[in-house]
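So the chains spell out like this:
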Amino acid sequence: MNTAGTVSHAEVQAFFDEVLSLKLSDKHNEWYQVDVAAVLDGCDIQGHEVDQASGDSLIFLKSSLLFCSPELGVMRHYPRSLVHCFVEDKRTKKDEDDEELLFRGELFSVTPESEQLCWVRDCTLDYEIPSTQSIIASWMKWLNQA
């Protein structure tokens, strides 16, 4: 039995289940189910994130990630070597311009401006910070794979 294949298949299914739960338009659901599924055919997915508001998603592969935006109709592939993570903890020093932001994690790419990745997790409430830290930890684990 191929355990790695089973785990990857389960991760693919979990990704598509989460996308379907968003109640996107039929056009955007079809885009995910046909176009994105075709691109992912045979890929080992290690994890994913879905933005509940926009329907955008990140799919973590072994050595790269795929950004998908149904609204823009784009899939952008980023090698892990071009992806970076910044974390800002603003709890100890309040920023006059950004009074409500307490904590922020950002994955971004070093690519041309029109192709840049900017995936942000902002926390404006204290109770959001632990779950965001956990998400950032998963980003760091993925970024530091050998």
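Residues numbered from 1 in each chain as written. Predicted model: local features only at pLDDT ≥ 70, side-chain atom pairs only at ≥ 80, totals over all residues. Heavy atoms only, no water.

Turning our attention to the nonpolar core. Here is a general trend for soluble globular proteins: nonpolar side chains tend to be buried in one another's company. With 19 residues, the main nonpolar core has Leu58, Leu65 and Leu107 as its most contacted residues. Broken down by secondary-structure element, the contributors of at least two residues to this core are strand E2 (57-61), strand E3 (64-69), strand E4 (74-79), strand E5 (83-89), strand E6 (103-109), strand E7 (118-123) and helix H3 (129-143). Top element by residues in this core is H3. It accounts for five residues. Not counting chain neighbours up to four residues away, the residues in contact with Leu58 comprise Gly47, His48, Glu49, Leu65, Leu66, Phe67, Leu107, Leu117 and Trp119. (Core = buried A, V, L, I, M, F, W, Y, C linked by side-chain atoms within 4.5 Å. Buried < 20%, exposed > 50% of the residue type's maximum accessible area, 1.4 Å probe, protein only. Helix = DSSP H or I, 4+ residues; strand = E, 2+ residues; numbered from the N terminus. Contact = heavy atoms within 4.5 Å.)

Our focus in this paragraph is the side chain of Ser64. Mapped onto the secondary structure, Ser64 falls in strand E3. A distance of 2.7 Å separates the side chain of Ser64 from the side chain of His77, its partner in a polar contact. For Ser64, the residues in contact, after removing those within four places along its chain, are Ile59, His77, Tyr78, Pro79, Arg80 and Trp142. (Polar contact = N/O pair within 3.5 Å; in protein donor to acceptor, adjacent residues only side chain to side chain.)

We now examine the sheet that holds E4. The antiparallel open sheet is built from four strands, whose spatial order is E1-E2-E3-E4. Of all the strands in the sheet, just strand E1 (45-50) and E4 have a single pairing partner and so form its edges. In this sheet, neighbouring strand axes are inclined to one another by 15° on average, regardless of whether the strands run parallel or antiparallel. Strand direction decides the pairing type here: E2 and E3, joined by four bridges, are antiparallel. When the bridges of E3 are listed, Ile59 appears paired with Leu66. Taken strand by strand, helix H2 (residues 26-40) contacts E1, E2, E3 and E4, and its axis lies near 160° from that of E3. (Pairing = 2+ DSSP bridges. Axes fitted to C-alpha atoms, helices over the stretch in contact; angles between N-to-C directions.)

Here we take up the sheet that holds E5. Paired through backbone hydrogen bonds, the strands of a sheet run either parallel or antiparallel to each other. Taking strand neighbours across the sheet as the criterion, the three strands line up as E5-E6-E7 in an open arrangement whose pairing is antiparallel. Pairing within the sheet leaves two strands with one partner each, and these edge strands are E5 and E7. Within the sheet, the average angular offset between the axes of one strand and its neighbour, ignoring direction, is 10°. Where E6 and E7 come together, six bridges link them in antiparallel fashion. Across the sheet, residue Phe108 finds its bridge partner in E7, namely Cys118. Against the sheet, H3 makes contact with E5, E6 and E7, and its axis sits at roughly 25° relative to E6, the strand it touches most.

Here we take up the pattern of salt bridges. The full count for this structure, using the stated rule, is four salt bridges. Its salt-bridge partner being Glu49, residue Arg121 comes within 2.7 Å of it at the nearest N-O pair. Placement of Arg121 in strand E7 and of Glu49 in strand E1 is noted, with a sequence separation of 72 residues between them. (Salt bridge = Lys/Arg side-chain N within 4 Å of Asp/Glu carboxyl O.)

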